[in-house]
Amino acid sequence: MPHPTLTHAMAQIGDVRLHYVRAGQGEPVLLVHGWPQTWYEWHRVIPHLIEAGHEVIAVDMRGAGDSSRPASGYDSNTVADELHALVRHLGFASIRLVAHDNGARVAYAYASRHQAEVKSLVFLESKILGIESDDDASKEYWHFGFHQEADLPEALLAGREREYLSFFFKRYAFDPRSITEADINEYARCYSGLGGMRAGFNYYRAFPETAVQSRELARTKLTIPVLAYGGSHCMGEIPLRSMRLVADDVQGGVIPDCGHWVPDEKPEWIAQEIIRFHGVQG
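Now for a look at the structure at hand. All chains use their own residue numbering, which begins from 1 and follows the written sequence. In keeping with the model being predicted, local features are shown solely for residues with a pLDDT of at least 70 and side-chain atom pairs are shown and tallied solely at 80 or more, while totals for entire chains, interfaces and linings include all residues. Side-chain numbers come from the whole structure's heavy atoms, not from hydrogens or water.

**A look at the sheet that holds strand E3 (residues 27–32)**
Taken in spatial order, the eight strands of this open sheet run E1-E2-E4-E3-E5-E6-E7-E8, and their pairing is mixed. Whereas interior strands pair on both sides, the edge strands pair on one side only; in this sheet they are strand E1 (7–13) and strand E8 (247–255). The mean inter-strand angle of the sheet, taken between neighbouring strand axes irrespective of direction, is 20°. In this analysis, strands are considered paired if DSSP registers two or more bridges between them. A helix here means a DSSP run of H or I that spans at least four residues, while a strand means a run of E at least two residues long, and both kinds are numbered starting from the N terminus. Of the pairings in the sheet, the one linking E3 to strand E5 (residues 95–100) comprises four bridges and is parallel in character. Residue leucine 30 lies in a different strand from E5, and its bridge partner there is leucine 97. Throughout, a contact is declared for two residues whenever any of their heavy atoms are within 4.5 Å. All axes are obtained by fitting lines to C-alpha atoms, using only the stretch in contact for helices, and the reported angles, taken between N-to-C directions, cover 0 to 180 degrees. Along the sheet face, helix H13 (residues 267–281) touches E3, strand E4 (54–59), E5, strand E6 (118–124), strand E7 (222–231) and E8 and points at about 160° away from the line of E7.

**Looking at unusual backbone geometry**
Omega for the bond connecting tryptophan 35 with proline 36 falls within 30 degrees of zero, at 0°, which places this linkage in the cis form. Inspection of the secondary structure assignment puts proline 36 in the loop between E3 and helix H1 (46–51). Its identity as a non-glycine residue notwithstanding, aspartate 151 has a phi of 70°, on the positive side. For aspartate 151, the position within the fold is in the loop between helix H5 (142–148) and helix H6 (152–157). Residue burial is assigned from relative accessible area. The probe radius is 1.4 Å, only protein chains are included, and a residue is buried under 20% of its type maximum, exposed over 50%, and partly exposed in between. On the basis of relative accessible area, aspartate 151 is assigned to the partly exposed category, the value being 45%. Despite not being glycine, aspartate 257 has its phi angle at roughly 50°, a positive value. Within the element layout of this structure, aspartate 257 appears in the loop between E8 and helix H12 (262–265).

Given below as structure tokens:
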């Protein structure tokens, strides 16, 4: 499918400049990336959503891609409120959220804090921290603890950013060929820049705070429709199970022959699921 023309823009939201791309016409969808990615992780999904009649906004969250990199403010509530402010800045009264990995945690906070302005949430390859366990914010995966150490990962990885990012893409994909060298180059461009790795790690350093926020948000369950999927060769049923603890109306399951990088590994599959889900919800 030919790639559409994307408009790149910047918005000043509080103390951060957010870079985003925009394309298409119709009902708006906000795409939110994970780590170690940027808006670019959606570039194979965007054409399908546009063809189905959506306007797409894909954002670089604070610290990522070509957005600015403040020293603090990487907890989910803060980032979620910035994305909400961006949506309002763009003139939309309501939005559909589609999000992956760390961005899915942010999108959950967005939906919980601004539920009246969110039509639906698609939650991919992630888990709400602090609900099933008191310590999963630090111990769920080996890299959580490593990334939360002050200064150490930056010191060890200086000059080796591309090698480190490449390890994650190859290790957690079902088919490593789905993440091309050009894709890795784009992510390395962003995270190798001044403060790029530090900003990415700051999301992990904020996980304990995010977990506390999530426990508070979960006291009131989401009532909007949620679609939750994990890859068969990564998180599996965990996203669906996690969302059923915090939301009443949840569909989803496991994506076959897929690892962690859903928009890269299964762009057509997940695009069709998103389109179907939006069609069912109206």
